Amino acid sequence: MDVILQAMGLVFDPYVMMVIVLSGAFGLFMGAIPGLSATMATALLVPVTFFMPPVPALAAIVTATAMAIFAGDLPGALLRIPGTPASAAYTEEAYAMTRKGKAELVLGVGLSSAVIGGLFGAVVLSFTAPVLAEVALKFSSFEYFWLACLGLTSAAFISTDEPVKGLISLLVGLLIATVGIDPTAGHPRFTFGSVELMGGVNFIPAMIGMFAVAEVLRSVTATSPLARVENGHFGNVFRGVGGVLKQYKLNLLRGSVIGTLVGALPGAGSDIAAWISYAVSKKFSRTPEKFGTGHVEGIVDAGSSNNAGLGGTWVPALVFGIPGDSITAIVIGVLYVKGMNPGPTVFLEQPELIYAVFVTFFVANLLLLPLGYAAIKSSTQLLRVPRDVLMPIILMFCIVGTFAINNTVFGVGVMMVLGLVAYVMEENGFPIAPAILGLVLGGLLEDSFMTSMIKADGNLVAFFERPIAAVLGVVTVAIWLSPIVLRMRRKGASPAGDV
Amino acid sequence: MKRRSVLKFATMAVAAFAAFGAPKAQAEWPERPITIIVPWGAGGGTDAVGRILASLLEKELGTPVNVVNRTGGSGVVGHAAIAAAKPDGYTLGVATVEIAMMHWAGLTDLTYADYTVFGQVNLDPGGLMVSADSPYETAADLLAAIKAEPASTFKASGTGQGGIWHLGYAGWMLSEGVDPANVPWVPSQGSAPAIKDMVAGGVDFVTSSLAEGRALIEAGKVRPLANMGEERLGLFPDVPTLKEATGSDWTIGAWRMFVGPKGIPEDVVAKVVPALEKAYNSPEYKEFMDGRGFGMTWRPAAEAYEFMQKADEDSGRVMKEAGLAK
């Protein structure tokens, strides 16, 4: 108790609070601009945190990322471009709601579920960190293989209108993921002698290209005026939110739980949490046919899941020094610089600093309510700006953001090429979300499969020999078989159509 | 009249001084910001070393020093960018141990000879670790078991295929007269995932540096058996060197060098080296390196260059014998 009071004293300090508010505004901006992700916000904060004591330094990162993950919903709902990868899972859905004139509701629900999910993640982080990390630590490549399979399976769920096109899109993503140095043999593949391609196709330029550039192209080539949102500014964004949250309170809980668990798994962060939650939501919904047409249910799940995931990713990072995602990979670097070497010992040596991080999580997520509300209000500017003014600006931010990742023009090239590919794919009715997921999980899938095979000397049975792997494997195979059963049950389900 | 001519003279004098002074001032390195290229991602160990050196050199040299991450291609992209920069002293970089290995693997033509070397700033010797529930208490036990059991009984990891710790493992086996192929190498995306996989029961031992396993060693999840350096580590004084543990003469380490493209003028080198040495000896650098558990080793320009040359020969020999060279 003494420690908690001490930690609160560290956080509720004028300087720390000022850092939290400023980094919150920074995070909202970063999240709302497509292509500038929460990871990039963290990376840009690192040089600034070098000049701060440990508590404000970590508070800045915690706040900025929590804000950015929510703010990613704003361009997703208003422009059909996810601001961060964590919003990609339900961008189509949110945009469809906006087109139905429910922009206030989708943003209000997004904000509320983000706050609730974030707080849930913070509670879990604070109370069960060591226990969860122990579970995640037992995962070897066999378990990761099944996890990657589960992730890819969710791609199939997200695009069930035309499973064949979804599958082709997934394979395009997996193909792009094979570019670069083979993770097991160390041999370059599909690099055409280019040194830049040896590192593979970086996910962030690819995502910016496939979502943002394709959208810019679509807007440029549109012959008929795009359907514009009716209301120029938002009224009360919280109207009707209470009812939605009450109706889907189980989804809220489920999204938060899945988000925290997926976040706590090393390597899987908020974006994968959102995909899985959205797929699970659709799977268990009473009205799965409404998904993709502007239905709020999946947004409650995924919106709470990605913010809950943030808390989850800190669990293995703090307890064992193993990053939960790319954000916490950077955080671990900061922890070392600040002399808070992650590991169980830090809980004994500097508990007040660790608890200060926990307190920050609560503060940041509560602060998300007013700051996020202000962000929604000012986001109406995005609607007022005509698209022919907005699109060049977006393209400019995309180019700057892509360039900033590696400081090379090559990334900009990747973004442009994949933007064209995605545009052509979408014009022909191929969904791009599966391609993105294939690109993200392709490396993990191949890597975990190959290393597992090396460990097992080529014996496939090994994928079911370890208890956790066996459970995950059986669940995955069961999910693969379930569509056949489901297909037989619902024959006349209407296609969702292009949105 | 007189005043005017004095003024005129003064103006002329200033102009003349400026005319003669200008080329000299231009030669005064550094007159504009310096860029340091780090071939690895932001947030990693090399990035952190590059950034702390940048901030210290900024103070020493009195000019802004910016860090730029050029990642990709297993380090090839960034190393190539340093070598290809204009050798004017305004683009420098941090070269890592991979520069002594990549060309043997056929990934690039770049070698140590493509750089101006200012000094070595770090060395982390390889290690030998097993999970805390492993039956092997010493490196000698493990070695005896590897020799006694049939091939493929054990699996090892620590980095990607052909990476530094794979080399460390292969070199150790060769020094003991064991075929490295007897223990299949399980490639990983780095030390941390490999050590985690070992704790999860995926592999039997890991040959990364002990510093990289620090958090899990201190948590009692990992048992360090040896370090593959010349002497014991300050961080783990109870862990024997490989020589003490098994009698093997094999040593290996991951190192970081402060370099620039080949052909940087002598007068610039003469300024960078002392500034770098001062930065290396600063309390800030020591505190930072101790905090991260990185090994401190300093070799100035020529010595560092010789060290790279030897490391290059060693890795070439072992990579060929272990079948890792192209």
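Everything numeric in this text was worked out from a predicted model, so none of it was measured.

## Section: the overall build of chain B
Next, step 1: A tally of regular secondary structure across chain B gives 11 helices and 10 strands.
Next, step 2: Of all 326 residues assigned to chain B, the portion counted as buried reaches 55%.
Next, step 3: Here the contacts in chain B between residues at least 6 apart in sequence split such that 75% fall between residues at least 24 apart.

## Comments concerning the environment of G62 of chain B
Next, step 1: Mapped onto the elements of the fold, G62 of chain B is located in the loop between α2 (45–61) and β2 (65–69).
Next, step 2: On the basis of neighbour counts, which here come to 9 C-beta atoms within 10 Å, the residue G62 of chain B falls in the exposed class.

## With respect to helix α11 (residues 301–321) of chain B
Residues and elements named next belong to chain B.
Next, step 1: Between its first and last C-alpha, α11 extends 30 Å over 21 residues, near the 30 Å set by a 1.5 Å rise per residue.
Next, step 2: Residues of α11 that are buried: A301, A304, Y305, M308, S315, V318 and M319. With its buried residues spanning 155 degrees around the axis, α11 presents them on a single face. Facing away from the buried side of α11 by over 90 degrees, the exposed positions are A302, K310, E313 and K320.
Next, step 3: Elements in contact with the buried residues of α11: β4 (115–125), α5 (164–175), β9 (253–261), α9 (266–280) and β10 (299–300).

## Looking at the nonpolar core
Residues and elements named next belong to chain A.
Next, step 1: Core analysis: the biggest nonpolar cluster contains 266 residues, and V106 and M210 have the highest contact counts within it.
Next, step 2: In terms of residues, this core owes the most to one element, helix α7 (residues 103–137), which gives 15 residues.
Next, step 3: With residues near it in sequence (within four places) discarded, M210 still touches L418, G419, A422, I432, A435 and I436.

## A few points about the sheet that holds strand β7 (residues 205–206) of chain B
Residues and elements named next belong to chain B.
Next, step 1: Here 4 strands make up an open sheet; going across it, the order is β6-β7-β5-β8 and the pairing mixed. Here the strands that pair on one side only, and so sit at the sheet edges, are β6 (156–157) and β8 (222–227).
Next, step 2: With respect to the sheet, helix α4 (residues 139–148) is in contact with β5 (127–131), β7 and β8, its orientation differing from that of β8 by roughly 90 degrees.

## Quick notes on the pairing of strand β3 (residues 91–96) of chain B
Residue and element names in this part refer to chain B.
Next, step 1: The element β3 is largely enclosed, with a buried count of 5 among its 6 residues.
Next, step 2: Two elements, strand β1 (residues 34–38) and β3, share 3 bridges in a ladder whose sense is parallel. Bridge pairing links I37 to G93 in β3.
Next, step 3: Here 4 bridges tie β3 to β9, and the two strands are oriented antiparallel to one another. Within β9, the position partnered with T96 by the bridge is R256.

## Description of helix α6 (residues 91–99) of chain A
All names here are of chain A.
Next, step 1: Along α6, 8 of the 9 residues are buried, which leaves the element largely enclosed by surrounding structure.
Next, step 2: Considered for burial, the residues of α6 that qualify are T91, E92, E93, A94, Y95, A96, M97 and T98.
Next, step 3: G101, located one to two residues past α6, shows a positive phi value of around 85 degrees.

## So, the confidence of the model for chain A
Residue and element names in this part refer to chain A.
Next, step 1: Of the residues in chain A, 82% have a pLDDT of 70 or more, and the chain-wide mean is 80.
Next, step 2: Across chain A, the element-wise mean pLDDT spans from 62 in helix α16 (residues 344–349) up to 91 in helix α4 (residues 54–71).
Next, step 3: Confidence over residues 226–230 falls short of pLDDT 50; this stretch has 7 contacts with residues more than four positions distant or in other chains.
Next, step 4: In this model, residues 493–499 is a region of pLDDT below 50 whose contacts with residues beyond four sequence positions or in other chains number 10 contacts.

## Some words on unusual backbone geometry
Next, step 1: Cis peptide bonds are those with omega within 30 degrees of zero, and the linkage from W29 of chain B to P30 of chain B qualifies with 0 degrees.
Next, step 2: Relative to the helices and strands, P30 of chain B is located in the loop between α1 (2–27) and β1.
Next, step 3: The phi angle at F190 of chain A is positive, at roughly 50 degrees, despite the residue not being glycine.
Next, step 4: Position of F190 of chain A relative to the elements: it lies in the loop between β2 (188–189) and α10 (203–221).
Next, step 5: On the basis of neighbour counts, which here come to 13 C-beta atoms within 10 Å, the residue F190 of chain A falls in the partly exposed class.
Next, step 6: Positive phi values are uncommon outside glycine, yet S152 of chain B reaches one of about 75 degrees.
Next, step 7: Structurally, the position occupied by S152 of chain B is in the loop between α4 and β6.

## Digging into the packing of α2 of chain B against helix α10 (residues 283–292) of chain B
Residues and elements named next belong to chain B.
Next, step 1: Running from N to C, α2 and α10 point in directions that differ by 165 degrees, and their axes come no closer than 10 Å. Taken as axis vectors, α2 and α10 run roughly antiparallel relative to one another. For the pair α2 and α10, the crossing hand works out as right-handed. Mapping the contact onto sequence places G45, A48, I52 and L56 in α2 and E284, Y285, F288 and R292 in α10.
Next, step 2: Residues belonging to the contact of α2 with α10 are distributed by class as follows: 5 nonpolar, 1 polar and 2 charged.

## Focus on the environment of R99 of chain A
Residues and elements named next belong to chain A.
Next, step 1: By the element assignment, R99 lies in helix α6.
Next, step 2: Here R99 falls in the partly exposed class, since 19 other C-beta atoms lie within 10 Å of it.
Next, step 3: R99 sits 194 residues away from T293 along the chain, and the two C-alpha atoms are 9.8 Å apart.

About the thresholds
Residues numbered from 1 in each chain as written. Chains lettered and ligands numbered in written order. Predicted model: local features only at pLDDT ≥ 70, side-chain atom pairs only at ≥ 80, totals over all residues. Helix = DSSP H or I, 4+ residues; strand = E, 2+ residues; numbered from the N terminus. Buried ≥ 20, exposed ≤ 12 C-beta atoms within 10 Å, placed from the backbone. Contact = placed C-beta atoms within 7 Å. Expected span 1.5 Å × (residues − 1). Arc of directions from axis to C-beta. Core = buried A, V, L, I, M, F, W, Y, C linked by C-beta atoms within 7 Å. Pairing = 2+ DSSP bridges. Axes fitted to C-alpha atoms, helices over the stretch in contact; angles between N-to-C directions. pLDDT = per-residue confidence, 0-100. Parallel < 35°, antiparallel > 145°, perpendicular 65-115°, else oblique. Left-handed = near helix turned anticlockwise from the far one by under 90°. Nonpolar A, V, L, I, M, F, W, Y, C, P; charged D, E, K, R; others polar.

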